[in-house]
Amino acid sequence: MATILIAGDSWGKGVFATVDGVYGPTGHGIHTILESSGHTVINISKGGGSNWLMMDRLDNQWDNTGRC
(Lines give C-alpha, C1' and ligand atoms only; values in the text may rest on other atoms or scores of the structure.)
Protein backbone atom coordinates (compact mmCIF):
# COMPACT_ATOMS: atom_id res chain seq x y z
CA MET A 1 0.00 0.00 0.00
CA ALA A 2 0.94 3.67 -0.23
CA THR A 3 2.43 6.07 2.28
CA ILE A 4 0.21 9.18 2.38
CA LEU A 5 1.06 12.60 3.82
CA ILE A 6 -1.78 14.72 5.20
CA ALA A 7 -0.80 18.36 5.68
CA GLY A 8 -3.69 20.64 6.57
CA ASP A 9 -5.50 22.57 9.24
CA SER A 10 -8.31 21.20 11.43
CA TRP A 11 -9.79 19.16 8.55
CA GLY A 12 -6.56 17.17 8.49
CA LYS A 13 -6.74 16.48 12.22
CA GLY A 14 -10.16 14.86 11.86
CA VAL A 15 -13.23 14.93 14.06
CA PHE A 16 -13.28 17.41 16.96
CA ALA A 17 -15.52 16.89 19.99
CA THR A 18 -15.72 17.57 23.73
CA VAL A 19 -14.41 14.56 25.65
CA ASP A 20 -14.22 14.70 29.47
CA GLY A 21 -14.77 18.47 29.31
CA VAL A 22 -11.90 19.08 26.86
CA TYR A 23 -12.50 20.12 23.25
CA GLY A 24 -10.05 18.68 20.74
CA PRO A 25 -9.41 16.06 18.06
CA THR A 26 -10.82 12.61 18.80
CA GLY A 27 -8.27 10.71 16.72
CA HIS A 28 -10.82 9.82 14.05
CA GLY A 29 -10.81 11.34 10.57
CA ILE A 30 -9.61 10.83 7.02
CA HIS A 31 -6.39 9.25 8.32
CA THR A 32 -8.47 6.60 10.12
CA ILE A 33 -10.17 5.60 6.86
CA LEU A 34 -6.86 5.47 4.98
CA GLU A 35 -5.13 3.45 7.71
CA SER A 36 -8.01 0.96 7.87
CA SER A 37 -7.52 0.46 4.12
CA GLY A 38 -3.92 -0.56 4.77
CA HIS A 39 -2.11 2.68 3.97
CA THR A 40 0.63 4.24 6.08
CA VAL A 41 -0.40 7.78 7.00
CA ILE A 42 1.85 10.63 8.15
CA ASN A 43 -0.26 13.47 9.48
CA ILE A 44 1.42 16.84 10.16
CA SER A 45 -1.83 18.82 10.30
CA LYS A 46 -2.57 21.43 12.96
CA GLY A 47 -5.88 23.06 13.80
CA GLY A 48 -5.71 26.70 12.76
CA GLY A 49 -2.67 25.96 10.63
CA SER A 50 -1.87 27.47 7.26
CA ASN A 51 -0.13 26.50 4.04
CA TRP A 52 3.00 28.34 5.24
CA LEU A 53 2.95 26.42 8.53
CA MET A 54 2.79 23.14 6.62
CA MET A 55 5.81 24.26 4.58
CA ASP A 56 7.66 24.95 7.85
CA ARG A 57 6.74 21.51 9.18
CA LEU A 58 7.88 19.85 5.95
CA ASP A 59 11.17 21.69 6.52
CA ASN A 60 11.32 20.13 10.04
CA GLN A 61 10.52 23.41 11.85
CA TRP A 62 8.09 22.28 14.57
CA ASP A 63 8.30 25.27 16.93
CA ASN A 64 5.85 28.17 16.74
CA THR A 65 6.94 29.95 13.56
CA GLY A 66 4.09 32.48 13.74
CA ARG A 67 2.56 31.20 10.51
CA CYS A 68 -0.75 29.95 11.87
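Described in the following lines is the structure provided in the data block. Treat the numbers as computed from the prediction; the structure is a model and nothing was measured.

1. Focus: the environment of Phe16
Within the secondary structure, Phe16 sits in strand β2 (residues 16-19). Here the alpha-carbon distance between Phe16 and Gly29, two residues 13 residues apart in the chain, equals 9.1 Å. Not counting the four nearest positions on each side in its chain, Phe16 is found in contact with Ser10, Tyr23, Gly24, Pro25 and Thr26.

2. Quick look at a nonpolar patch on the surface
On the surface, a cluster of nonpolar side chains totalling about 560 Å² of accessible area is made up of Leu5, Ile42, Trp52, Met55 and Leu58. Tallying contributions element by element places helix α3 (residues 51-58) first for the nonpolar patch, with three residues. Tracing the backbone through its elements, the reader meets Leu5 in strand β1 (residues 3-6). Among the residues examined, Leu5 registers a relative accessible area of 46% and is labelled partly exposed.

Definitions and cut-offs
- Residues numbered from 1 in each chain as written.
- Predicted model: local features only at pLDDT ≥ 70, side-chain atom pairs only at ≥ 80, totals over all residues.
- Heavy atoms only, no water.
- Helix = DSSP H or I, 4+ residues; strand = E, 2+ residues; numbered from the N terminus.
- Contact = heavy atoms within 4.5 Å.
- Patch = residues over 30% accessible without salt bridge, like charges linked within 9 Å, V, L, I, M, F, W, Y side chains within 5 Å.
- Areas by Shrake-Rupley, 256 points an atom, 1.4 Å probe, with all protein chains shown as cover.
- Salt bridge = Lys/Arg side-chain N within 4 Å of Asp/Glu carboxyl O.
- Buried < 20%, exposed > 50% of the residue type's maximum accessible area, 1.4 Å probe, protein only.

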